[in-house]
Amino acid sequence: MGRITLKQVTKSFGDVEVIPPLDLEINDGEFVVFVGPSGCGKSTLLRLIAGLEDTSGGTIEIDGKDATGLPPAKRSLAMVFQSYALYPHMTVRKNIAFPMRMAGVDKAEQKRRIENAASVLNLTDYLDRRPGQLSGGQRQRVAIGRAIVREPAAFLFDEPLSNLDAALRVGMRMEISELHTRLKTTMVYVTHDQVEAMTMADKIVVLRAGHIEQVGSPLDLYREPRNLFVAGFIGSPKMNLLQGSEAEKRGAVTMGIRPEHITVSATEAAWRGTVGVSEHLGSDTFFLVNLEGYPDPITVRADGEVSLHPGDTIHLIPDESRIHRFDAQGLRIP
Amino acid sequence: MATQQSRSAARMMLAPAVVLLLAWMLVPLIMTLWFSFRKFLPLRGGDLGFAGFDNYTRFISSSAFWPSVQTTLIIVGGVLLITIVLGVILALLLDQPMWGQGVVRILVIAPFFVMPTVSALVWKNMFMDPVNGLFAHLWKFFGAEPIQWLSQESLTSIVMIVSWQWLPFATLILLTAVQSLDSEQLEAAEMDGAPYLKRFWYIVLPHLSRAITIVLLIQTIFLLSIFAEIFVTTGGAFGTKTLTYLIFQRVLESQNVGLGSAGGVYAIILANIVAIFLMRIVGKNLDT
Ligand SMILES: Nc1ncnc2c1ncn2[C@@H]1O[C@H](COP(=O)(O)OP(=O)(O)O)[C@@H](O)[C@H]1O
Ligand SMILES: [Mg+2]
């Protein structure tokens, strides 16, 4: 069981309110990702849930019971830190055993769980090494191992992949997702990387300056961003945002269209522009196109093997059904 | 220093310093060894020739020798124990955020700036004086008979004085070590269900082990040769005669340079035994 409910939770450091009153419901077994730019309060929110910070107001319930005043150890939550926070003087085995030793789990059971975790995480050969002798990915797995042997109600991850190189990050992303499928335990995952959020989450919570901007499944957020911030944050490359005549024509102050919803046309079409820089990724090509009458270039996705050169004039057809319209406050117009 | 040329240039430039250091070390050492084999009584005839191992046997068979070794070890051990235990506690306290942190830290470090002679005299006259000392007043306040610190509890007194001097050093080194502990490790341990004392035992103390080792080794080197504190308090009486003090008495009070030099060689041997012993127990902390 791992249902976490936040009711009107606030947090201030001195005079600075980092988390304004916030409500959030995390259901049992869900993979929830907190995503937002650096410094928006993701870690603080996670630490509030963990009990490593005291709330300034509001209540936190775990499985329906008030946990606001409970010390971290009593919340049956396990946390994986960004720095891994392994105990450097203990072997991998001892690191993984530590929470069980503190809880007084008997030796045989400890051994069983360690071996189980080690085989799930491919750590069997490294059990007698110290963290200093492991690679970044292995340390990450030890940190996860230390969390899973506790059999917690929920896992908390704070940017666990940000210290890994790109290839390893993709691999670990898969492993964590698989772990979630296997354990079916609630996971709360913090990241500033929207790709991680999109690929892993059941539910994404987009945060800005401690505010929840939107909560929803990755596709909800992709299809119907509630405001300009979410529109710009979710999706890669970013959504093109245009103001002026094109937006006004559609009854909005700002209009947004994703690069993948613009088609390059051979003949005269709605928009005309000149090709700027392009990025060839093999499967896709992304062009920066300078639209006539707009100072900032927009990004357009085309087929991987299209050949266009800087300075070429091209015609573009926006997919009218995929255009997002926003009002003066930056809110979505349905 | 990758190339052959830069390596030899480096050697050339290091040479004067190395030669100077070697001379600095070797000349006194060789002179000590030389005098330890001579019968040398400056006020009673000067250098009276070769003495063989006479000085060595006389020094070691003197009734004062073994008690002095014991006293030395008790003082070194006692001071090490007190400074490290209190040093760890103080370091942990000073690491807590508190009002006036900077001032408190300077106050804690202050005793280190007081010269040994001065601090020993201050302790002797202000705290331990059986009539006017602060301790005497304190004891009287509680209706107890004041202790004659420097005669009844002479060793304890010396250990107290020297510990007071060295506590700042231990605290300072341990404080920097405490501050370098990754706070996420402590938080992880907290989440793993370790209460404060277990966090201290399993996380903080292992983290401090290297700093403790360094404090142990450096302090031992200096503590084996403490002198001023004994000279100005008990003058070596009441069982506070350390090996260093015994050597001093042999050379200056008995005016026997040869005997004192032999004692100096014994002191070197003792220091080495202690060092090897310490390295054995704590050395393994240094290589991980
Ligand atoms: N212990 C603290 N004291 C004061 N301010 C803090 C503290 N921890 C975090 N903050 C502030 O709270 C804000 C949110 O921080 P954090 O939750 O770490 O952001 P992130 O989303 O990058 O994880 C930041 O502006 C940070 O400066
Ligand atoms: Mg953070």
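Quick caveat: nothing in here was measured; it's all calculated off a predicted structure.

Our next topic: the interface of chain A and chain B. With 23 residues of chain A at the contact, the number on the chain B side is 16 residues. Around 1700 Å² of area is buried between chain A and chain B when both sides are counted, 60% of it from carbon and sulfur atoms. Contact with chain B buries area across many residues of chain A, yet Tyr87, His89 and Met102 of chain A alone supply 28% of it, more than any other trio. Put simply, chain A and chain B have three salt bridges between them. Note that Arg47 of chain A and Glu187 of chain B form a salt bridge whose closest N and O atoms lie 2.7 Å from each other. On the surface where chain A and chain B come into contact, there are nine residue pairs in polar contact (both at pLDDT 80 or more). Sorting the residues of the side of chain A that touches chain B by element identifies helix H1 (42-50), strand S6 (77-80) and helix H2 (92-103) of chain A as the ones contributing at least two each.

Below, the discussion takes up the packing of aromatic side chains. Considering all chains together, one arrives at 33 aromatic pairs over all chains under this definition. Judged by centre distance (4.8 Å) and plane angle (65°), the ring pair of Tyr87 of chain A and Phe98 of chain A falls under edge-to-face. A residue pair is termed long-range when its members are at least 10 positions apart, and Tyr87 of chain A in the loop between S6 and H2 and Phe98 of chain A in helix H2 qualify at 11 residues. A residue is classified by how much of its surface remains accessible, and Phe98 of chain A, at 0% relative accessible area, is buried. When the ring of Phe112 of chain B is compared with that of Trp166 of chain B, the centres are 5.7 Å apart and the planes differ by 70°; the resulting orientation is edge-to-face. One end of the pair, Phe112 of chain B, is in the loop between helix H4 (101-109) and helix H5 (116-127); the other, Trp166 of chain B, is in helix H8 (residues 154-179), with 54 residues separating them in the sequence. On the accessibility criterion, Trp166 of chain B (11% relative accessible area) is buried. Following the ring pairs from residue to residue traces out a cluster consisting of Phe37, Phe50, Phe53, Tyr56, Phe59, Phe65, Trp66 and Tyr266 of chain B. A cation sits over an aromatic face here: Arg146 of chain A above Tyr87 of chain A, 4.5 Å from the ring centre.

This brings us to the site of ligand 1. All names here are of chain A. Around ligand 1, a shell composed of Phe13, Val18, Ser38, Gly39, Cys40, Gly41, Lys42, Ser43 and Thr44 is seen. Cys40 places a polar main-chain atom, nitrogen or oxygen, 3.2 Å from an oxygen atom of ligand 1. Residue Ser43 places a side-chain N or O atom 2.5 Å away from an oxygen atom belonging to ligand 1. With the chains in place, 55% of the 560 Å² that ligand 1 exposes on its own is no longer accessible. Ranked by the residues each element gives to the shell around ligand 1, the list is headed by H1, at three residues. Grouping the amino acids of the shell around ligand 1 by side-chain chemistry returns three nonpolar, five polar and one charged.

For the rest of this paragraph, the subject is unusual backbone geometry. All names here are of chain A. Put simply, Ser236 and Pro237 share a cis peptide bond, and its omega is -5°. Within the secondary structure, Pro237 is located in the loop between helix H8 (228-233) and strand S11 (240-242). Not every positive phi belongs to a glycine, and Tyr84 is a case in point at roughly 70°. If you trace the backbone, Tyr84 turns up in the loop between S6 and H2. With a relative accessible area of 6%, Tyr84 lands in the buried category.

Residue and element names in this part refer to chain A. Looking at chain A, the domain boundaries give domain 1 (4-231) and domain 2 (239-326). Put simply, the middle of domain 1 and the middle of domain 2, counted by C-alpha atoms, are 38 Å apart. Listed as interface residues are seven residues of domain 1 and, on the opposing side, nine residues of domain 2. Both sides of the domain 1 and domain 2 interface together cover about 650 Å² of buried area, and 58% of this is carbon and sulfur. In terms of surface lost to domain 2, no three residues of domain 1 exceed Tyr222, Leu228 and Ala231, which account for 76% of the buried area on that side. Joining domain 1 to domain 2, the criterion identifies zero salt bridges. Where domain 1 packs against domain 2, one counts two residue pairs in polar contact (both at pLDDT 80 or more). Every element with two or more residues in the side of domain 1 that touches domain 2 is listed here: helix H7 (218-223) and H8. No other element matches the three residues that H7 contributes to the side of domain 1 that touches domain 2.

Looking now at the environment of Ile247 of chain B. Residues and elements named next belong to chain B. Its place among the elements puts Ile247 in helix H12 (residues 243-253). Assessed through its relative accessible area of 16%, Ile247 is described here as buried. When the C-alpha atoms of Ile247 and Val159 are compared, they prove to be 20 Å apart, with 88 residues separating the residues in sequence.

With that settled, consider the packing of helix H3 (residues 65-95) of chain B against H4 of chain B. When two helices pack together, their arrangement is given by the angle between their axes and by how far apart the axes lie. All names here are of chain B. Viewed as axis vectors pointing N to C, H3 and H4 meet at an angle of 160°, and their least axial separation amounts to 10 Å. For the element pair H3 / H4, the angle class is roughly antiparallel. Handedness of the H3/H4 crossing: left-handed. Contacts between H3 and H4 involve Leu90, Leu94 and Asp95 from the first element and Gln101, Val104, Arg105 and Val108 from the second. Classifying every residue of the contact of H3 with H4 by side-chain character gives four nonpolar, one polar and two charged.

Calculation rules
- Residues numbered from 1 in each chain as written.
- Chains lettered and ligands numbered in written order.
- Predicted model: local features only at pLDDT ≥ 70, side-chain atom pairs only at ≥ 80, totals over all residues.
- Heavy atoms only, no water.
- Contact = heavy atoms within 4.5 Å.
- Buried area = accessible area lost by both parts, 1.4 Å probe.
- Salt bridge = Lys/Arg side-chain N within 4 Å of Asp/Glu carboxyl O.
- Polar contact = N/O pair within 3.5 Å; in protein donor to acceptor, adjacent residues only side chain to side chain.
- Helix = DSSP H or I, 4+ residues; strand = E, 2+ residues; numbered from the N terminus.
- Phe/Tyr/Trp six-rings, centres within 6.5 Å; stacked < 30°, edge-to-face > 60°.
- Buried < 20%, exposed > 50% of the residue type's maximum accessible area, 1.4 Å probe, protein only.
- Lys NZ or Arg CZ within 6 Å of the ring centre and 35° of its normal.
- Near = heavy atom within 4 Å.
- Areas by Shrake-Rupley, 256 points an atom, 1.4 Å probe, with all protein chains shown as cover.
- Nonpolar A, V, L, I, M, F, W, Y, C, P; charged D, E, K, R; others polar.
- Domains from an automatic or database assignment.
- Axes fitted to C-alpha atoms, helices over the stretch in contact; angles between N-to-C directions.
- Parallel < 35°, antiparallel > 145°, perpendicular 65-115°, else oblique.
- Left-handed = near helix turned anticlockwise from the far one by under 90°.

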